[in-house]
Amino acid sequence: MSPAERKSHLSEIAPELLAELTETREHSRDLPALEGAENGVVMRFAPNPSGPLHLGHARASILNDYYVRRYGGRYVLRVEDTDPKRVDPEAYAMVLEDVEWLGLGITDIVYQSDRLDIYYDWCRKLIELGGAYVCLCEGERFRELKLKGKACPCRELTVEENLDLWQQMLDGEFYEGDVTVRVKTDLAHPDPAMRDYSAMRIVNAPLHPRVDATVFPLMNFSVAVDDHLLGITHVIRGKDHIANTRRQRYIFDYFGWKPPVYRHYGRMGISGVVLSTSGMREGINSGIYTGWDDIHLGTMRAIARRGIEPEAVRNAMVDIGIGETDISFSWENLYSRNKELVDPKANRYFFVPDPIEVVVEGAPRHEAHAALHPNDPSRGVRTLVTEGKVLLPRADIEGKSMVRLKDLYNMKIEWDADEPRLSYAGDSLEEARREKAPIIQWLPADAKLPCTLLRQDGSLEGFCEPLVAGEVDNVVQFERIGFARIDSVDNGRVSAYFAHR
RNA sequence: GCUGCUAUAGUGUAGGGGCCAAUCAUGUCGGCCUUUCACGCCGACGACUGGGGUUCAAAUCCCCAUAGCAGCACCA
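Residues numbered from 1 in each chain as written. Chains lettered and ligands numbered in written order. Predicted model: local features only at pLDDT ≥ 70, side-chain atom pairs only at ≥ 80, totals over all residues. Heavy atoms only, no water.

### Some details on the pairing of strand 20 (residues 419–424)
Next, step 1: Bridge count between strand 14 (residues 355–361) and strand 20: two bridges; the pairing is parallel. Bridge pairing in strand 20 links Val-360 to Leu-422.
Next, step 2: Strand direction decides the pairing type here: strand 19 (residues 410–416) and strand 20, joined by six bridges, are antiparallel. Within strand 20, the residue paired with Asp-416 across the bridge is Glu-419.
Next, step 3: Hairpin connection of strand 19 to strand 20: two residues between the antiparallel strands, including Ala-417 at a positive phi of 60 degrees. (Pairing = 2+ DSSP bridges. Helix = DSSP H or I, 4+ residues; strand = E, 2+ residues; numbered from the N terminus.)

Structure follows, in structure tokens:
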């Protein structure tokens, strides 16, 4: 039945329902509402300081930021540095820089390493409540028991014994791996991931860069305590945390706290890019990457270096949203978001790759005036002067008998074997069109800058206009090549990073 | 293996019983514009994982299958 047929059929059998059909649903580009957020929210972004921020962090931080902006409230940057093995002292500053670059509306910054006493305190309370015990079992042994749903002997210790052992932990009487504090959950829980997980452990080495301690909370414990103490109302994070959310729930329940509202978005795959911090670090150490801002990486600094703007990242991430489906991140979509930002402001310049230097016979001295931006004449022109000696992209003249140098004049080409002989052929644009002469880029042979355009799939050597030297840190468009950020000019040599077409 | 989550065009997304022979963006292809490219404008292409069920009506609800993903760390 077609929709129209269904409608007429419905009017026969139940005309009173027909009114509902005429109600129009409204479409909105907004992300779904968060329940209980009407009066403001307190949200958090909680990176581990093991390296700079990457696209995975960008999604988490931007999505939370989006809702804080939408509902108003506070946005806590919580640096989760409770594992000395995974803390890179240099990462603290990198995280802060990247947060600033992204333009997140952070209102509070807390470091978990400043809060160890708080965790110790609540750990003691949890033991007193009978919600946790000190476990002396070897890890592998406990795992076996857990998978069978059996308790280990430590689970039967009295509160007093547990408190005593806990004090010994704090006093440094144990070494790494000897002991852990476990949250008492449910050994019969159908999901083995829920059974008596660890809340506290000892790390003797390496030393923590910020704090003199050996007892550290595990993520599930510190996160639950902090979310409550900091008054976090809503949490948006990846679905790899779904099990953690359930584990943290036990702590909220033991203390009678009200947990935040959670949303878990699906996994985001990024083709061709290593996203794990450890993987990137390995690549840097082994020389595959030049550093954290290597153009092959998905870090914020690599993306920034290529001239992609934070607003583009934000738009791309909000566009992706908080769906629970696994998705693959699309560079195309990010590039398109960036292009709409950058196209209106990027100045245009010639870039001649694989150049051939030629003399155009009979060419008069000419001044070419090319617009800096085709849609914005007020920005002015670049003036290129030539006496007849020019640089051309080899590929653009090969096999051609006539071309037009853009904004300059027409040129005839005669081929003597592989050697082109070029001669001036008038200024008429109409004639060039009539002859279907391609319009190509060029540079005066005596006014040019060598330029390396670094791209992910190999760099492109060529020459560009001298004015490009004044565009350091800006995004320009090399006509016919694409957008690029001018990274530096050293001794008259330009280094540019390719963004996208 | 156990536990859980998810399934709409190449990619991302909207739609949560009737407005849906399915939205928007991106992409690709064509055209217009343009002193190449880009931008802009016009057009085309392209999807409800499969099978059952409920219902007058299913992309939408239920069941099964399949696939993907996550967790089962003294990482976050």
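### Points about the sheet that holds strand 1 (residues 41–45)
Next, step 1: Taking strand neighbours across the sheet as the criterion, the three strands line up as 1-2-3 in an open arrangement whose pairing is parallel. The two strands at the open ends of the sheet, each matched to only one other strand, are strand 1 and strand 3 (108–111). For this sheet the average axis-to-axis angle between neighbouring strands, irrespective of direction, equals 25 degrees. (Axes fitted to C-alpha atoms, helices over the stretch in contact; angles between N-to-C directions.)

### Describing the side chain of Asn-220
Next, step 1: On the secondary structure map, Asn-220 appears in helix 8 (residues 219–229).
Next, step 2: Those residues in contact with Asn-220 that lie beyond four places of it in its chain are Tyr-197, Asn-244, Arg-247, Gln-248 and Ile-251. (Contact = heavy atoms within 4.5 Å.)

### Considerations on unusual backbone geometry
Next, step 1: In the segment running from Ala-205 into Pro-206, the intervening peptide bond is cis, with an omega of -5 degrees.
Next, step 2: The residue Pro-206 is located in the loop between strand 6 (198–202) and strand 7 (215–217) in this model.
Next, step 3: Unlike most non-glycine residues, Arg-480 shows phi in positive territory, near 80 degrees.
Next, step 4: Relative to the helices and strands, Arg-480 is located in the loop between strand 25 (475–478) and strand 26 (482–490).

### Thoughts on the sheet that holds strand 22 (residues 443–444)
Next, step 1: Spatially, the seven strands line up as an open sheet ordered 21-18-19-20-14-17-22, and their pairing is mixed. A single partner strand is all that each edge strand has here, and the edge strands are strand 21 (439–440) and strand 22.

### A word on the pairing of strand 17 (residues 389–393)
On a regular strand, one side chain projects to one face of the sheet and the next to the other, so that they alternate.
Next, step 1: Of all the five residues making up strand 17, four are buried; the element is thus mostly covered by neighbouring parts of the structure.
Next, step 2: Two elements, strand 14 and strand 17, share five bridges in a ladder whose sense is antiparallel. Note on strand 17: the bridge partner recorded for Glu-357 is Leu-391.
Next, step 3: Taken together, the two bridges between strand 17 and strand 22 define a ladder with antiparallel strand orientation. Considered in strand 22, the bridge of Val-390 is made with Pro-444. (Buried < 20%, exposed > 50% of the residue type's maximum accessible area, 1.4 Å probe, protein only.)

### A look at helix 10 (residues 277–285)
Next, step 1: What helix 10 keeps buried is the set Thr-277, Met-280 and Gly-283. Projected down its long axis, helix 10 carries its buried residues within an arc of 125 degrees, all on one side. Structural note: helix 10 exposes Glu-282 and Asn-285 on the side pointing more than 90 degrees away from its buried face.
Next, step 2: After helix 10 finishes, the residue Gly-287 shows a positive phi value of roughly 85 degrees. (Arc of directions from axis to C-beta.)

### Some thoughts on helix 13 (residues 331–342)
Next, step 1: Relative to the 16 Å expected for 12 residues at 1.5 Å per residue, helix 13 spans 16 Å between its end C-alpha atoms, a close match to the ideal helical length.
Next, step 2: Buried within helix 13 we find Trp-331, Leu-334, Tyr-335, Asn-338 and Val-342. Down the axis, helix 13 shows its buried residues gathered within 95 degrees of arc, on one side only. (Expected span 1.5 Å × (residues − 1).)

### Focus: the confidence of the model for chain A
Next, step 1: Taken over all residues, the pLDDT of chain A has a mean of 90, while the share at 70 or more is 94%.
Next, step 2: Contacts from residues 19–28, a stretch scored under 50 in pLDDT, to residues over four places away or in other chains number two contacts.
Next, step 3: Scored as a complex, the prediction yields pTM 0.90 and ipTM 0.91. (pLDDT = per-residue confidence, 0-100.)

### Concerning the packing of helix 5 (residues 116–128) against helix 8
Next, step 1: Here helix 5 crosses helix 8 at 100 degrees, and the two axes come no closer than 10 Å. Considering their axes alone, helix 5 and helix 8 lie roughly perpendicular with respect to each other. Of the residues in helix 8, those touching helix 5 at Ile-118, Tyr-119, Trp-122, Cys-123 and Leu-126 are Phe-221, Ser-222, Val-225, Asp-226 and Leu-229.
Next, step 2: For the contact of helix 5 with helix 8, the residue count by class is eight nonpolar, one polar and one charged. (Parallel < 35°, antiparallel > 145°, perpendicular 65-115°, else oblique. Nonpolar A, V, L, I, M, F, W, Y, C, P; charged D, E, K, R; others polar.)

### A word on the pattern of salt bridges
Next, step 1: Enumeration over the complete set of coordinates arrives at 40 salt bridges.
Next, step 2: One salt bridge in this structure joins Lys-125 and Asp-121, with 3.6 Å as the shortest N-O distance. Within this pair, Lys-125 and its partner Asp-121 are both found in helix 5, separated by four residues, close to a single helical turn.
Next, step 3: Classification of Asp-121 as partly exposed rests on a relative accessible area of 29%.
Next, step 4: Residue Arg-124 is joined to Glu-128 by a salt bridge in which the shortest nitrogen-to-oxygen separation is 3.2 Å. Of the two residues, Arg-124 and Glu-128 both sit in helix 5, four residues apart, roughly one turn of that helix.
Next, step 5: Classification of Arg-124 by relative accessible area gives partly exposed; the value is 31%.
Next, step 6: Sharing partners across several salt bridges, the network here consists of Asp-293, Arg-305, Asp-473, Arg-485 and Asp-487. (Salt bridge = Lys/Arg side-chain N within 4 Å of Asp/Glu carboxyl O.)

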